[in-house]
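Chain and residue survey
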Amino acid sequence: MPTNSNQEKEIVVIGLGYVGLTMAAHMASLGMNVLGIEVRELVLTGLRAKRAFFYEPGLDHLLAQTINDGTFRFNSELIKSKLARVFIITVGTPIDSEKLVLEESIVRVANQVSMVLNDGDLVILRSTVKLNTTRELIKPILDSSAKKYFLAFCPERTLEGAALIELGKLPQIVGGIDEDSAKHAADFFS
């Protein structure tokens, strides 16, 4: 069982595209301490104006409210923290001309997370990836940190136009690298 409630943890959503930004805004509206990480200037410019770079009903209002309340903050890079953290990786996974998933962004983010990981942190992969990516690609990178962490894969199921409604209602699919990881991820989403 996690020792801190989600309000006492920092929730770090890495990748503020459609999936990540709607999730970050929803969690921040629940009073969670959310930090969004995004490298694209287009997205950051919109967030500085308290707007999304795409249309989703109610999202701009929710962003303005949570940014003003201080429950949602954003940055372009990960930094170390002493806070307990939940990292949610939602970076894009484009497909090349041969229909192979390009994993460079996920590898880059996993390496960045491994450098700021604390013992007891939870890492959730929410990007669309091929089978075994969590175990065979992400886990070895995080293991290099020599930290005790929890790792889960929780696929995104976000319907455009209804994301904010569904995030609060749809049950989440949770798969952990081990039983403790699955429990931590399930506790987080509940």
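This text follows the structure it describes.
Each residue is numbered by its place in its chain's sequence as written, counting from 1. Only residues with pLDDT of 70 or above have their local features reported here, since the model is predicted, and side-chain atom pairs are shown and tallied only from 80 upward, although totals for entire chains, interfaces and linings are computed over all residues. Think of the side-chain values as coming from all heavy atoms in the structure, minus any hydrogens and water.

Quick look at the side chain of threonine 66 now. Turning to its location among the elements, threonine 66 is positioned in helix H3 (residues 59-69). Categorising residues by exposure relies on relative accessible area from a 1.4 Å probe, with only protein chains included: less than 20% of the type maximum marks a residue as buried, more than 50% marks it as exposed, and the intermediate range marks it as partly exposed. The class for threonine 66 is buried, based on a relative accessible area of 1%. A polar atom in the side chain of threonine 66 sits 3.3 Å from the backbone oxygen of leucine 63. In what follows, a contact means two residues having at least one pair of non-hydrogen atoms within 4.5 Å. Among residues more than four places away in sequence, those in contact with threonine 66 are Ala25, Ala28, Ser29, Thr71 and Phe72. Secondary structure elements follow DSSP: runs of H or I no shorter than four residues count as helices, runs of E no shorter than two count as strands, and numbering proceeds from the N terminus. As used in this structure description, the phrase polar contact means that two N or O atoms lie within 3.5 Å; if the pair is within protein, one of them must be able to donate a hydrogen and the other to accept it, and residues adjacent in sequence are counted only when both atoms belong to side chains.

This part takes up the environment of asparagine 118. Mapped onto the secondary structure, asparagine 118 falls in the loop between helix H4 (104-116) and strand E5 (122-125). Of the residues examined, asparagine 118 reaches a relative accessible area of 18% and is grouped as buried. Spatially, the C-alpha atoms of asparagine 118 and aspartate 143 are 12 Å apart, while their sequence positions differ by 25 residues. Only 2.7 Å separates the side chain of asparagine 118 from the backbone oxygen of serine 81, close enough to count as a polar contact.

Attention now goes to the packing of aromatic side chains. Between 30 and 60 degrees the pair is tilted, below 30 it is stacked and above 60 it is edge-to-face, where a pair is any two Phe, Tyr or Trp rings, Trp via its six-membered ring, whose centres lie within 6.5 Å. Using the criterion set out here, one finds 4 aromatic pairs in the structure. An angle of 50° between the planes, with centres 5.0 Å apart, marks the rings of tyrosine 18 and phenylalanine 54 as tilted. In this pair, tyrosine 18 sits in helix H1 (residues 18-29) while phenylalanine 54 sits in the loop between helix H2 (41-48) and H3, placing the two residues 36 residues apart along the sequence. As far as burial versus exposure is concerned, tyrosine 18 and phenylalanine 54 are alike and both buried. On the basis of an interplanar angle of 70° and a centroid distance of 5.1 Å, the ring pair of phenylalanine 188 and phenylalanine 189 is categorised as edge-to-face. Taken together, Tyr18, Phe53 and Phe54 form an aromatic cluster joined through their ring pairs.

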